[in-house]
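Secondary and tertiary structure notes
What follows is the residue order along each chain.
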Amino acid sequence: MVRGVRGTGTWCGTLLLAGALVGGASGCGPGTPPAPGGPSSVSASALPSPTTDPGTPAADPQPGEVLVEVVVNGGLAGVRNRLVVHYDGSWTSRSGTKPPRTGRQTPAEAAELRAALEDPAFALVPERPTGRPIPDGFQYYVTYRHRLVVADDGERSPALQRVFAALPEGGPPTNP
């Protein structure tokens, strides 16, 4: 606290907390300019909103940006398949050593997938399976906005089922 200036203790503490939250600092004394990158040198619109997921893109996503990635491992055949869906609905699926398949969802299908992924219930899906593993079952690795959800063939939440149902070709790629 600065001595000799009445009432600055609370104000200074508030500035220090605010500065720490936005990545800056404050000297908290009279005539002390804010640190570079502090609150006064960053516009409020450039700061993340407290309700925004840190993985949320700051601007509208570009068509080529990845919306969701699903990797499937396991099964009797020991598959390792990968499906990548972009914001514009275009997708690529790779199964083993086969050439990749590509396609495009209709605008309505792409909107349905985005809605399933953005559903608040999907954010509550556990990041790891909660039941017992199924012998020779599949494991599904779903990555959306830097969050990884691992599921298996056991019990799945309705929110995860909704995402799977909205994927191209009727669900995660499980064929060898």
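This write-up is about the structure you can find in this document. (Residues numbered from 1 in each chain as written. Predicted model: local features only at pLDDT ≥ 70, side-chain atom pairs only at ≥ 80, totals over all residues. Heavy atoms only, no water.)

Remarks on the pairing of strand β5 (residues 138-144)
Taking every second residue as pointing to the same face, the buried face of β5 carries Phe138, Tyr140, Val142 and Tyr144, while none of Gln139, Tyr141 and Thr143 on the other face is buried. Note: strand β1 (residues 66-74) against β5, six bridges, orientation antiparallel. By the bridge assignment, Val71 is partnered in β5 with Tyr141. Bridge count between β5 and strand β6 (residues 147-152): six bridges; the pairing is antiparallel. Paired with Tyr141 across the strands is Val150, a residue of β6. Here β5 folds back onto β6 in antiparallel fashion, the turn holding two residues, of which Arg145 has a positive phi close to 50°. (Buried < 20%, exposed > 50% of the residue type's maximum accessible area, 1.4 Å probe, protein only. Helix = DSSP H or I, 4+ residues; strand = E, 2+ residues; numbered from the N terminus. Pairing = 2+ DSSP bridges.)

Notes on the sheet that holds β5
On the basis of which strands lie adjacent, the open sheet formed by six strands has the order β4-β3-β2-β1-β5-β6 and antiparallel pairing. Each edge of the sheet is formed by a strand with only one pairing partner; in this case those strands are β4 (101-104) and β6. Each strand of the sheet is rotated relative to its neighbour by a mean of 15°, with strand direction disregarded. The pairing of strand β3 (residues 90-95) with β4 spans four bridges and is classified as antiparallel. Across the sheet, residue Trp91 finds its bridge partner in β4, namely Gly103. Strands in contact with helix α2 (residues 107-118) are β1, β2 (79-86) and β5; relative to β1, the strand with the most contacts, it is inclined by about 80°. (Axes fitted to C-alpha atoms, helices over the stretch in contact; angles between N-to-C directions. Contact = heavy atoms within 4.5 Å.)

Structural notes on the pattern of salt bridges
What the rule picks out here adds up to seven salt bridges. Ionic pairing is found between Glu69 and Arg82, a salt bridge with its closest N-O pair at 2.3 Å. Placement of the pair is Glu69 in strand β1 and Arg82 in strand β2, with a sequence separation of 13 residues. Between Arg104 and Asp88 there is a salt bridge whose closest N-O contact spans 3.3 Å. Of the two residues, Arg104 sits in strand β4 while Asp88 sits in the loop between β2 and β3, which places them 16 residues apart along the sequence. The class for Asp88 is partly exposed, based on a relative accessible area of 28%. (Salt bridge = Lys/Arg side-chain N within 4 Å of Asp/Glu carboxyl O.)

Thoughts on the packing of α2 against helix α4 (residues 158-166)
Between α2 and α4, the shortest axis-to-axis distance is 9 Å and the interhelical angle comes to 160°. Viewed along their axes, α2 and α4 adopt a mutual orientation that is roughly antiparallel. Viewed along their axes, α2 and α4 form a crossing whose handedness is left-handed. Facing α2, whose interface residues are Glu112, Leu113, Ala115, Ala116 and Leu117, α4 presents Arg162, Val163 and Ala166. When the residues that make up the contact of α2 with α4 are grouped by side-chain class, the tally is six nonpolar, no polar and two charged. (Parallel < 35°, antiparallel > 145°, perpendicular 65-115°, else oblique. Left-handed = near helix turned anticlockwise from the far one by under 90°. Nonpolar A, V, L, I, M, F, W, Y, C, P; charged D, E, K, R; others polar.)

Some remarks on the pairing of β1
Of the strand pairs in this sheet, β1 and β2 are connected by eight bridges, and their pairing is antiparallel. Bridge assignment links Glu69 to a residue of β2, and that residue is Val84.

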